[in-house]
Each structure stands twice: as structure tokens, then as C-alpha cells.
Amino acid sequence: MSPKTALLAFLLLAAGLAGAPSAEAQPDLAGEPGFVDFSQQETLGEDDLEIAISVKDPMIKLVAEATRESDPVLADILDKLKVVEVLVYKVGESQRAAVRGEISEQAGALEELGWTEAITIRMRGARGHVFLRIVDDFPAGLAAMYLDGENEAVFVNIVGQIDPAQVGRLASKFNLDLLSQAVSGSLGSGDSE
Amino acid sequence: MRKRREPIDCSSAETLIEAYLDDEIAAGDRAAFETHLARCESCTGDLALARRIQGELRELPPLACPPAVSRKVLDHAAAHPPWSQRLRSWWSVKLWQPAFALLLAAALGVGYWRLSEPPPPPDASPYSEAEIARAEAELKLALAYLGDISQKASDSFGTELGNRVLAPVGRSLAGALLPQLQGETPKPAAEGGSDRDVS
């Protein structure tokens, strides 16, 4: 190879390197050990859905940056997260038993997949489970299912490195009712990715 | 090269006439062709005819290309050399060196910049401020739901503790102490309670 040809090849290589797209951090949900697909419920369907939240990695990082000054604790938590999904269903009286059974089945399935049950709630007809997925001694995901004693079922999945204590402390600051009102109408508006 | 030793027929001989006249025939074919000619008048006649036509064609005066046509063809060829020749001529000119150096430096600079590029700041995101604010509210709501579930768990624990442990213990103590205080024989306390909340 002549020096000119070598230089030309090097130039093309450098140009290719310069033009190559940088790796975008798009989470591959199926490959995430902390991911749980709660969207495929047997008893509950689209018609029962009241709130659907799905915020994924690029947007989570942007929110973390946006809140770093005003709420550094929230920013620190969000920095380590890849996906946050919440599904809230309204549950009719006729659906309660089936939903309760389905939640128990899902809890069993998560245990079989290696998730660790952190919290179990059994109170006045309410059923709830909070699972953690530990990978290499670090939490890689959190999955929560809760059927209240009235007419609501909540499914939460958080993928990423979670410090449950830190999340719990922060979550206690947020007013669920006020935030629900603020996000009302999110159903059907698409995911915040 | 193929060597032909066996005798040939007229049709094969016919295909060899032109090569024979141009002296481009293979040695083996020549021998076979000449052997065939020696005993074939028809092919000998064909050869003589071909030789005469060739000689007459060579005696014709050469035709010159009109000068205007020649000039146009040459001008066009000069104006549109093949791309390989153009590339070679450009490559041989010394002007390519500074251009190459500039291009190389630019490519390397851009490559280095892309590799060392820090994460894009929020301002450079394709999302609007409103979208980010909405996502922030959604994330807080998600965490609030999680906090709510944790609170329910805490309440559940408190209720279970109260109903399953504290209440029976209290009733046992009351059952044991009250009769003594009232001067009666103590009766064993009933296990659990009617208000026990077990689901």
C-alpha cells in the first residue's frame, strides 16, 4: 500500500469515525432484569385504565438535570433510573376477586424469577406486594402491586439502581392527590420518553 | 495451442482460410489445411478467391477522416478524460497536500470531539420545557404512588401488630388481672378477638 493510499484510507476511517452516531442510551426493556410488563393484565383492560405513566431513560435524565438545583435528592434518585412506569386501574366490585388472584399469581411469578419480596400488605380486603430485584448485590428494579380495599389497583415498576429507603423518604414528601390532579389527563397522551 | 493431425473436411477448411491468409494459423492446422487443399479443388478455389479479394481491398486508397470530425473527437477526449486519469492528475498536483492536511485535521478534530463529547445539556434536548415539566410531575406521581403503597404497608403492619399481638396480650392481661382486682378467680382469656382484622 502506497503512502498516499494509506493516508486516504486513514482519512476515510477518520471521517467515518467522525460521522458515526454516538451511542444513545435507549433502554432495552426486555433485557433489563428489573423490568416487569404490567400492561398485560388478564382481568383489567384499557377501559379500566385511569392513569398510565411511562417515563424512560433520556427523559428521566433530563428531568434529573432540570431538578438538580431545586431538588437534588430527587435528581440523585432519577440519575440512576432507566424506566418508571405506573398503571392505575379502576376495579369494579365484580372484578375484585379476579384481580386479587391475578396479583397473587404475578407475585408468585416474580418470586420464581428471582425477585425478593420486600413488603406484603394484607389489610381490610387490600392486597399488596413490593418486590425488589437484586443483581450483584444492587437493586436493579422494583415492582409494586397494590389492590386497595375500594376500587383501585396500582402497578409500579421502576428499573434502575434504587435505594428503597431514599425513595421512601422522598416519596413521603409528595402529595398523591395533588400530583394526581396535576397529571390528570395523562392517560392517552403518550409516553414521556 | 491445439494441434490438428487428423484430416479435415471442407467445412472445417473453410473456417481456416482467413487465418491461413493472415499467416495466423496454428502449425497443426496449417498441415491439415494444406493436406486438404491438395486433394480438394473446391477449397483451393475458395482460397484463391479469398486471396484475390484481400489483395484488391489492400490496393484501395485509404479513406481519410474529415478534419472537422477528427478535431471534434480529439477536443471532446481532451475535455472529458476518464475519471481515473482525472484522479491521477489531481493526486499528482501539489495542491492536494494542504487540502488533505486540512481535511484530515478537521476529521480527526470532529472525531475526537464526538468521542469526548459530554452528555448533551438539557437545553440541547429535543423535548420542550413543558414536556420535561410534565415528565417531572409524572415521575413525582409515580414516586408518590410508591410512597402511598409503603404507607399502606406501614399501616398494615401497625394494624396487624395491634390486632394480632397487642390486643390479645391486653385482653389476656385484663382477663388475668381484673378478677384478682375484683377478688374473683381468673379465667383464661379467649384467643384473638372479634375485631381481629385478618384478611
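Since we're looking at a predicted model, the values are computed, not measured.

In this section: the overall build of chain B. The number of helices and strands found in chain B is seven helices and zero strands. N-terminal to C-terminal, the α/β element order of chain B is α-α-α-α-α-α-α. The burial tally for chain B puts 26% of its 199 residues in the buried class. Of the contacts formed within chain B by residues at least 6 apart in sequence, a portion of 52% connects residues at least 24 apart.

Take the overall build of chain A next. For chain A, the helix and strand inventory stands at six helices and six strands. Ordered by position from the N terminus, the helices and strands of chain A form the series α-β-α-α-β-α-β-β-β-β-α-α. Looking at chain A residue by residue over its 193 residues, the buried ones come to 46%.

What follows deals with the sheet that holds strand 6 (residues 152–160) of chain A. Residue and element names in this part refer to chain A. Taken in spatial order, the six strands make up an open sheet running 1-2-6-5-4-3, and their pairing is antiparallel. Sheet topology places strand 1 (49–56) and strand 3 (116–123) at the edges, where each strand pairs with a single neighbour. Taken over all neighbouring pairs, the strand axes of this sheet differ in orientation by 5° on average, direction set aside. Pairing geometry for strand 3 and strand 4 (residues 126–135), over seven bridges, is antiparallel. Across the sheet, the residue bridging to T116 is L132, located in strand 4.

A few words now on the confidence of the model for chain A. Residues and elements named next belong to chain A. Mean pLDDT over chain A: 80, with 76% of residues reaching 70 or higher. Low pLDDT, under 50, characterises residues 14–25; the stretch is placed with 14 contacts to residues that sit more than four places away or in other chains. Contacts from residues 186–191, a stretch scored under 50 in pLDDT, to residues over four places away or in other chains number 11 contacts.

Below, the discussion takes up the side chain of D148(A). Residues and elements named next belong to chain A. Within the element layout of this structure, D148 appears in the loop between strand 5 (138–147) and strand 6. No salt bridge is formed by the buried D148; the nearest opposite charge belongs to R96, separated by 4.4 Å. There is a polar contact of 3.1 Å between the side chain of D148 and the backbone nitrogen of N151. In this view, D148 contacts R96, G125 and A126; residues no more than four positions away in its chain are not counted.

We now examine the side chain of Q54(B). All names here are of chain B. Residue placement: Q54 occurs in helix 3 (residues 41–59). Exposure remark for Q54: the relative accessible area of 18% places this residue in the buried category. With sequence-adjacent residues up to four places away left out, Q54 is seen in contact with L21 and D22.

Before going further, it helps to spend a moment on the packing of helix 3 (residues 72–79) of chain A against helix 5 (residues 164–171) of chain A. Residue and element names in this part refer to chain A. Axis separation between helix 3 and helix 5 bottoms out at 11 Å; the angle between their running directions is 140°. One way to sum up the angle between helix 3 and helix 5 is to call them oblique. Note that helix 3 runs across helix 5; the crossing there is left-handed. On the side of helix 3, the interface is formed by V73, L74, D76 and I77, while helix 5 contributes Q166, V167 and L170. Of the residues that constitute the contact of helix 3 with helix 5, the class distribution is five nonpolar, one polar and one charged.

What counts, and where the lines are drawn
- Once a new chain begins, its residue numbering starts again from 1 and follows that chain's sequence as written.
- Lettering for chains starts from A, numbering for ligands starts from 1, and both go in the order in which the items are written.
- The predicted origin of the model limits local features to residues at a pLDDT of at least 70 and limits the giving and counting of side-chain atom pairs to 80 or more, whereas totals for whole chains, interfaces and linings rest on all residues.
- To obtain the side-chain values, all non-hydrogen atoms of the structure were used and water was disregarded.
- Segments assigned H or I by DSSP are reported as helices when at least four residues long, segments assigned E as strands when at least two residues long, and all are numbered from the N terminus.
- Burial classes follow relative accessibility: with a 1.4 Å probe on protein chains only, a residue under 20% of its type's maximum area counts as buried, one over 50% as exposed, and anything between as partly exposed.
- Residues count as neighbours in contact if any of their non-hydrogen atoms are within 4.5 Å of one another.
- Strands are treated as partners if at least two bridges between them are detected by DSSP.
- The axes are straight lines fitted to the C-alpha atoms, using for helices just the contacting stretch, and the angles between their N-to-C directions are given from 0 to 180°.
- What pLDDT reports is the predictor's confidence in each residue, on a scale of 0 through 100.
- For this count, His and the chain ends are skipped, Lys and Arg are scored as positive, and Asp and Glu as negative.
- We count a salt bridge whenever a side-chain nitrogen from Lys or Arg sits within 4 Å of a carboxyl oxygen from Asp or Glu.
- Counted as a polar contact is a pair of N or O atoms within 3.5 Å, where, for protein atoms, one must be capable of donating a hydrogen and the other of accepting one, and residues adjacent in sequence contribute only when both atoms are in side chains.
- Note on terminology: angles under 35 degrees are roughly parallel, angles over 145 are roughly antiparallel, angles of 65 to 115 are roughly perpendicular, and the others are oblique.
- Each crossing is labelled by how the near helix is turned from the far one, with a counterclockwise turn of less than a right angle marking it left-handed and a clockwise turn marking it right-handed.
- Residues were grouped as follows: Ala, Val, Leu, Ile, Met, Phe, Trp, Tyr, Cys and Pro as nonpolar; Asp, Glu, Lys and Arg as charged; and all remaining residues, including Gly, as polar.

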